[in-house]
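Descriptive analysis of the structure
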Amino acid sequence: MTDFHYFEAPTDTSAGTLNPVFELLDFPIAMGGADDIVLTGPVPDQPMVDGRVVTDPRLVKALSKPVELDRAEVLDRSAKLAGVLRAMGINGTENERVIIAEDVPPASRALSILGALRIGVGVDVRSAAANTASSATSSSVEASSAQSGDDELTTVFVHTIDAAPIESGRASVKAIRSQFEGVGITVSGETANIDQAMRDSRVEPAAVVALLPDRALIVTDETSLDARSSLDWLSQELLPEA
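Because the structure is a prediction, the values reported are computed rather than measured.

**Points about the packing of helix H3 (residues 71–87) against helix H4 (residues 106–118)**
It is at 8 Å that the axes of H3 and H4 come closest, and there the two elements cross at 60°. Considering their axes alone, H3 and H4 lie oblique with respect to each other. Considering only the axes of H3 and H4, their crossing is right-handed. Between H3 and H4, the contacting residues are Val74, Leu75, Arg77, Ser78, Ala79, Leu81, Ala82 and Leu85 on the first element and Leu111, Ser112, Leu114, Gly115, Ala116 and Arg118 on the second. Here the residues of the contact of H3 with H4 are counted per class, giving nine nonpolar, three polar and two charged.

The following block contains the structure:
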């Protein structure tokens, strides 16, 4: 069993608190692992520099390389995505969940999951859930919440959108790729361009939150995982390079 660095240590009367994202990103960075490459992806369809699409054939050839993100970049991008969720009214309650469309690029998918879990939002990665959410969004963006028992379940849907690349400017936090170009997020019938939102200096990265070990976090086609048991799945499925 994986040893966690607890925020609140377990006692005879308390299970303690932890967060699997802290184990994968925050703690290793504190121990000197900021520059380790932990997330890779395929060659981008449109190479970009400082938020601008590259058209010069020589630059396109030079920049057409697989995506490689180090741990510091993964923390920066996922924490900013968590900040976007906060800005859209997602607070990390047990009645909120994130669903990701199957056509979302792998790096964007991984960062979305890490960002959601960072603030305690559960993630449903089942294929059926993605297909249902995609169909509902295609017919009506109002279909972004569902009933689960007596409680309203708020669904956050991460999906591709038809949007031009955002030019760097005064609203940019950094002249680097957001890793969410062409990806949007729908909450309560409102859809936002994640690339644009992450470049907005008013959106602050979110700090990692403490979770109870048995807090339900991830639903897969095979099983359900809580905060304690999700670490191995995250390591294997999202950051196998870590």
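**Considering helix H1 (residues 20–30)**
Counting buried positions over the 11 residues of H1 gives eight, a clear majority of the element. Among the residues of H1, Pro20, Val21, Phe22, Glu23, Leu24, Leu25, Asp26 and Pro28 are the ones counted as buried. Packed against the buried residues of H1 are H3, H4, strand S11 (216–219) and helix H7 (230–237). Structurally, the start of H1 carries an N-cap: the backbone nitrogen of Val21 is 2.9 Å from a side-chain oxygen of Asn19.

**So, the environment of Glu152**
Its place among the elements puts Glu152 in strand S8 (residues 151–160). Spatially, the C-alpha atom of Glu152 lies 6.8 Å from that of Asn95, the residues being 57 residues apart in sequence.

**A look at the packing of aromatic side chains**
We describe a pair of aromatic rings using the distance from one ring centre to the other and the angle between the two ring planes. Under the definition given, this model contains three aromatic pairs. Taking 5.1 Å as the distance between ring centres and 70° as the angle between the ring planes, the aromatic pair formed by Phe7 and Phe22 counts as edge-to-face. Remark: Phe22 occurs in helix H1 and Phe7 occurs in the segment before H1; sequence separation between them is 15 residues.

**Some details on the confidence of the model for the protein chain**
Low-pLDDT portions of the prediction should not be read for the details of their coordinates. Per-residue pLDDT for the protein chain averages 87, and the proportion of residues at 70 or more is 86%. In this model residues 140–150 is a low-confidence stretch, pLDDT under 50, and it forms 21 contacts with partners more than four residues away in sequence or in other chains. Residue range residues 170–174 is modelled with pLDDT below 50. Its contacts to residues more than four positions away, or to other chains, number 12 contacts.

**Quick notes on the environment of Ala110**
Position of Ala110 among the secondary structure elements: in helix H4. Classification of Ala110 by relative accessible area gives buried; the value is 3%. Along the backbone, Ala110 and Glu237 are 127 residues apart, and their C-alpha atoms lie at a distance of 8.7 Å. Those residues in contact with Ala110 that lie beyond four places of it in its chain are Leu39 and Leu238.

Conventions and cut-offs
- Residues numbered from 1 in each chain as written.
- Predicted model: local features only at pLDDT ≥ 70, side-chain atom pairs only at ≥ 80, totals over all residues.
- Heavy atoms only, no water.
- Axes fitted to C-alpha atoms, helices over the stretch in contact; angles between N-to-C directions.
- Helix = DSSP H or I, 4+ residues; strand = E, 2+ residues; numbered from the N terminus.
- Parallel < 35°, antiparallel > 145°, perpendicular 65-115°, else oblique.
- Left-handed = near helix turned anticlockwise from the far one by under 90°.
- Contact = heavy atoms within 4.5 Å.
- Nonpolar A, V, L, I, M, F, W, Y, C, P; charged D, E, K, R; others polar.
- Buried < 20%, exposed > 50% of the residue type's maximum accessible area, 1.4 Å probe, protein only.
- Polar contact = N/O pair within 3.5 Å; in protein donor to acceptor, adjacent residues only side chain to side chain.
- Phe/Tyr/Trp six-rings, centres within 6.5 Å; stacked < 30°, edge-to-face > 60°.
- pLDDT = per-residue confidence, 0-100.

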